[in-house]
Amino acid sequence: MPRSVNHVASRAKRKRILKLTRGYYGARKNVWTVAKNTWEKGLTYAFRDRRTKKRNFRALWIQRINAAARLEGLSYSKLMGALRQKGIDINRKVLADLAMNHPEAFKAIVDKIK
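Nothing here was measured: the structure is a model prediction, and the numbers come from that model.

Caption draft 1: Summary view of the packing of aromatic side chains. Tallying each qualifying case throughout the model produces one aromatic pair. Aromatic pair F57 and W61: ring centres 6.1 Å apart, planes at 40°, arrangement tilted. Separated by four residues within a single helix, F57 and W61 lie in helix α2 (residues 32-71), roughly one turn from each other. Relative accessible area serves as the criterion here: at 41%, F57 is assigned to the partly exposed category. Given the relative accessible area of 21%, W61 is considered partly exposed. Between the NZ or CZ atom of R51 and the centre of the ring of F47, over which it lies, the distance is 4.2 Å.

As structure tokens, this is what we get:
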């Protein structure tokens, strides 16, 4: 009795992954083994960098707050310490947005803590 193989399913699986690797460079887009390895490695990068992205954004917010605080004559640490003492509960994301897009609102917050 001949061996039964589900060619339809295995071909569909290959087509699905090759479709996901469209746009990659060279053999990474059309050679099955290379494309599969590239796609799997891409998934590990995606998993890792979802966490790294949070770190990078926090660092960016801190840099923006520090730059705006220095224009007001304060350092980042003095500003954050004063905010904590005064009980002004505002997170870094919002504070950085105010510093970049609404400098007058950021100045008002700084004036409140001085």
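Caption draft 2: Looking closely at the packing of helix α3 (residues 76-86) against helix α5 (residues 103-113). For the pair α3 and α5, the least separation of the axes is 9 Å and the interaxial angle reads 65°. Accordingly, the angle class assigned to the pair α3 and α5 is roughly perpendicular. Handedness of the α3/α5 crossing: left-handed. Contacts from L79, A82, L83 and K86 in α3 reach F106, I109, V110, K112 and I113 in α5. Here the contact of α3 with α5 is composed, by residue class, of seven nonpolar, no polar and two charged.

Calculation notes
Residues numbered from 1 in each chain as written. Predicted model: local features only at pLDDT ≥ 70, side-chain atom pairs only at ≥ 80, totals over all residues. Heavy atoms only, no water. Phe/Tyr/Trp six-rings, centres within 6.5 Å; stacked < 30°, edge-to-face > 60°. Helix = DSSP H or I, 4+ residues; strand = E, 2+ residues; numbered from the N terminus. Buried < 20%, exposed > 50% of the residue type's maximum accessible area, 1.4 Å probe, protein only. Lys NZ or Arg CZ within 6 Å of the ring centre and 35° of its normal. Axes fitted to C-alpha atoms, helices over the stretch in contact; angles between N-to-C directions. Parallel < 35°, antiparallel > 145°, perpendicular 65-115°, else oblique. Left-handed = near helix turned anticlockwise from the far one by under 90°. Contact = heavy atoms within 4.5 Å. Nonpolar A, V, L, I, M, F, W, Y, C, P; charged D, E, K, R; others polar.

That is the geometry; function is a separate question.
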